[in-house]
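Next come the chains, spelled out residue by residue.
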Amino acid sequence: MQGVADFDQIVAQTIGAGDWRLLINGDWCESASGATFPVENPATGQILAHVPDAGTSETTAAIEAAYAALPAWSAMPANGRAEILRKVAALMLERRDYLATLMTLEQGKPLSEARGEITYAASFLTWFAGEAERIYGQIVPASVANKRILVLRQAVGVAVMITPWNFPAAMLTRKLGPALAAGCTAICKPAEQTPLSAIALGKLFMEAGLPDGVLNILTCQDPVPFSETIFADDRVRKISFTGSTEVGKLLIAKSAAGVKRLSLELGGNAPFIVFEDADLPAAVRGAVISKFRNAGQTCVCANRIFVQRAIYEQFADLFTQEVRQLNVGNGLLPHVHVGPLIDLPARQKVERHISDALAQGAQIRLGGSAAELVGTSTFWQPTVLSSAKADMLVAREETFGPVAPLIAFDDEDEVLHAANATQYGLAAYFFTRDLSRVFRVAERLEYGIIGVNDGLPSVAQAPFGGVKQSGLGREGGSVGIDEYLEIKYLSLGI
Ligand code: SIN
């Protein structure tokens, strides 16, 4: 097993090699005040690096740079923008091991998952490089002979991206890919827990020849001066945010004054439904990947697992057996499947959900407590709860941790009602072999993403986003670029 000395060496090689600064107008710089904040490894508590703490003046400088770079970048022929995106994707894949190690250090996810995320992140750049070349307009028949009607699609302008800690690379490229492809210039603010991956990616964009000012990266400990500055500045036309519904609502309110365009990818409370006619081993595998990927810290992860009563015990046994195989630990270790939770509040939420469930009659089939390991106290044993009910906290709120509540149901109507009884509508999953049921259930689920016999539906070429309080707009797919384009109508007298 890898020892502490090996970990130190990995940290020294990965972090020591970096130069963790802000990117403004092509310059890598400190904050004007010299203030910094620490970035911690959630697995060990070790401080990995200090990054500049950007505030109002750095945000204003980034807006100025992005605004100045906009005319030339948006006028660059689409294949020029696409070429740069493809170059960055190639560099990401070439440096995948380094980027993945960096991600595991600052975020905690197992190295194999981090490698997968780098590939996933690069795929957004490749996909949107193609979409840059397909920003088609329209010629519409006019109502009179001496007119022509043209519809153009043009870059929105300066776009701001606020990205979360759970996917430090993929959520950045899922926003940056379409923004840059459309001809927007960008200001990125990565989550304060995971700024190093964003900075490392920023270096690749510059290495690939992105012109100065097109991409600016600000690391901020306190998001308030940053957000006040961007909302107050009319040059910022678009904000894309991935994070909690609570913050999303604040952004909606704040964007009213400047009527800025918003894309929001917010919270979820995904139902995962296993019908009695499902392929059971496939449903178990789907539930494990959906629930325990990134230690349950994804917006699309199965939060409530509904199992039809006739197969409940059989599913619970098979599922528990599979989950028992998952090893918890430092994500750098090769045999680890579940890393630490991001921080102590995340662990406290998991504890709160489990104690509420137990107080209301749920039973622990597996786990249920912290994993006592060397490092921080944020390692949690993969947990399976049976006899869970839809009104328990664990099923009403997004747990964002490795806890799987199994809820029994009797019929399709009952489970659809329970599945839709939430303010969220991001992802839902169901397993069945009945083709008619596939359409019936998929059409009635009030969700933006439906995995049918599939626990992992996210891909660059498909639209990702939610309904109800899970957000606005879609990322990825052929529609993802529309979030960064304005439509302009030209009425031409001839
Ligand atoms: C998320 O959790 O927000 C993203 C998950 C994914 O892209 O699959």
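Coordinates for the structure precede this section.
All residue numbers refer to position in the chain's written sequence, counted from 1. The predicted nature of this model means local features are confined to residues of pLDDT at least 70 and side-chain atom pairs, given and counted, to a pLDDT of 80 or more, with totals for whole chains, interfaces and linings taken over all residues. By convention in this description, side-chain values take in all heavy atoms of the structure and omit both hydrogens and water.

Caption draft 1: Representation of the side chain of Glu475 in the model. Segments assigned H or I by DSSP are reported as helices when at least four residues long, segments assigned E as strands when at least two residues long, and all are numbered from the N terminus. Position of Glu475 among the secondary structure elements: in the loop between β19 (471–472) and β20 (485–493). Accessibility here uses a 1.4 Å probe with only protein chains present; expressed as a share of the type maximum, an area under 20% marks a residue as buried, one over 50% as exposed, and anything in between as partly exposed. Of the residues examined, Glu475 reaches a relative accessible area of 7% and is grouped as buried. Pairs of N or O atoms are called polar contacts if they sit within 3.5 Å, as long as, within protein, a hydrogen donor faces a hydrogen acceptor (for residues adjacent in sequence, only side-chain-to-side-chain pairs). At a separation of 2.8 Å, a polar atom in the side chain of Glu475 contacts the side chain of Lys175. Contacts are residue-level and defined by heavy atoms, with any inter-residue pair within 4.5 Å sufficient. With near-sequence residues (within four places) excluded, Glu475 lies in contact with Arg174, Lys175, Ser240, Thr242, Glu265, Ala462, Pro463, Phe464 and Gly480.

Caption draft 2: Main features of the pairing of strand β13 (residues 302–308). Within β13, seven of the seven residues are buried, leaving the element largely enclosed by the surrounding structure. Both strand β12 (residues 270–274) and β13 contribute to a ladder of five bridges, which runs parallel. Looking at the pairing, Phe272 lines up with Ile305 of β13. A crossover gets the label right-handed when its path from the first strand over the helix to the second runs clockwise, viewed with the strands pointing away from the viewer. Viewed along the sheet, the connection from β12 through helix α10 (residues 280–292) into β13 turns out right-handed. Any two strands with at least two DSSP-identified bridges between them are counted as paired. Looking at chain direction, β13 and strand β16 (residues 403–409) are connected through four bridges and run parallel. By the bridge assignment, Phe306 is partnered in β16 with Ile407.

Caption draft 3: The pattern of salt bridges, seen in detail. What counts as a salt bridge is simple: a side-chain nitrogen of Lys or Arg found within 4 Å of a carboxyl oxygen of Asp or Glu. Tallied over the entire structure, the rule returns 24 salt bridges. Of the charged contacts, one joins Asp317 and Arg365 as a salt bridge, the two residues approaching to 3.0 Å between their closest N and O atoms. Taken together, the positions of Asp317 in helix α11 (residues 312–324) and Arg365 in strand β14 (residues 363–366) put the pair 48 residues apart, joining distant regions of the chain. Arg365 sits in the partly exposed class, given a relative accessible area of 25%. The partner of Arg440 in a salt bridge is Glu412, with the nearest N and O atoms 2.7 Å apart. In this pair, Arg440 sits in helix α15 (residues 435–444) while Glu412 sits in helix α14 (residues 412–420), placing the two residues 28 residues apart along the sequence. Using a relative accessible area of 38% as the deciding quantity, one classes Arg440 as partly exposed.

Caption draft 4: Focus on α10. Expected helix span is computed as 1.5 Å times (number of residues minus one). Across its 13 residues, α10 extends 18 Å between first and last C-alpha, which sits within 8% of the 18 Å expected from 1.5 Å per residue. Across the 13 residues of α10, ten count as buried, placing the element largely inside the fold. Along α10, the positions that sit buried rather than exposed are Leu280, Ala282, Ala283, Val284, Gly286, Ala287, Val288, Ser290, Lys291 and Phe292. Asn294 sits one or two residues past α10 and shows a positive phi near 55 degrees.

Caption draft 5: Region of the structure containing the site of the ligand. Neighbouring the ligand are the residues Tyr120, Asn166, Phe167, Met171, Arg174, Glu265, Arg293, Thr298, Cys299, Val300, Ser458 and Phe464. The side chain of Glu265 places a nitrogen or oxygen atom 3.0 Å from an oxygen atom of the ligand. Between the ligand and Ser458 there is a distance of 2.6 Å, counted from an oxygen atom to a side-chain nitrogen or oxygen. The fraction of the free accessible surface of the ligand (260 Å²) that becomes covered by protein chains is 100%. Counted by class, the shell around the ligand contains six nonpolar, three polar and three charged residues. In this document the domain limits rely on a domain assignment from an automatic tool or a database. Taken domain by domain, the makeup of the shell around the ligand includes at least three residues from each of domain 1 (8–266 + 471–491) and domain 2 (270–459). We define proximity as follows: a residue is near a molecule or strand when any one of its heavy atoms falls within 4 Å of that partner. All accessibility values rest on the Shrake-Rupley procedure with a 1.4 Å probe; residue burial counts only the protein chains present in the view. All residues other than Ala, Val, Leu, Ile, Met, Phe, Trp, Tyr, Cys, Pro, Asp, Glu, Lys and Arg, Gly among them, are scored as polar; the first ten of these are nonpolar and the last four charged.

Caption draft 6: The sheet that holds strand β6 (residues 147–155), seen in detail. The three strands lie next to each other as β5-β6-β20, forming an open sheet whose pairing is antiparallel. The sheet terminates laterally at β5 (138–140) and β20, the two strands that pair on one side only. Here the strands of the sheet are splayed against their neighbours by 25 degrees on average, with no regard to which way each runs. Pairing between β6 and β20: nine bridges, direction antiparallel. In the strand pairing of β20, Val151 is matched with Tyr489. Axes here mean lines fitted to C-alpha atoms, for a helix over just the part in contact, with angles spanning 0 to 180 degrees between N-to-C directions.

Caption draft 7: Here's a closer look at the environment of Ala278. Relative to the helices and strands, Ala278 resides in the loop between β12 and α10. Residues Ala278 and Glu106, 172 residues apart in the sequence, show an inter-C-alpha distance of 39 Å. Not counting residues up to four positions away in its chain, the partners in contact with Ala278 are Phe431, Thr432 and Arg433.

Caption draft 8: Structural context of the sheet that holds β13. Read across the sheet, seven strands follow the order β14-β15-β16-β13-β12-β17-β18 without closing on themselves; strand pairing throughout is mixed. On the outer flanks of this sheet lie β14 and β18 (449–452), each paired with one strand and no other. For this sheet, the mean angle separating the axes of adjacent strands, direction not counted, is 25 degrees. Bridge count for β14 against strand β15 (residues 383–388) is three bridges, and the pairing is antiparallel. Counted as the bridge partner of Gln363 is Ser386 from β15. Running over the sheet, α15 touches β17 (427–431) and β18 and is turned about 160 degrees from β17.

Shape is all these values report; function is a separate question.
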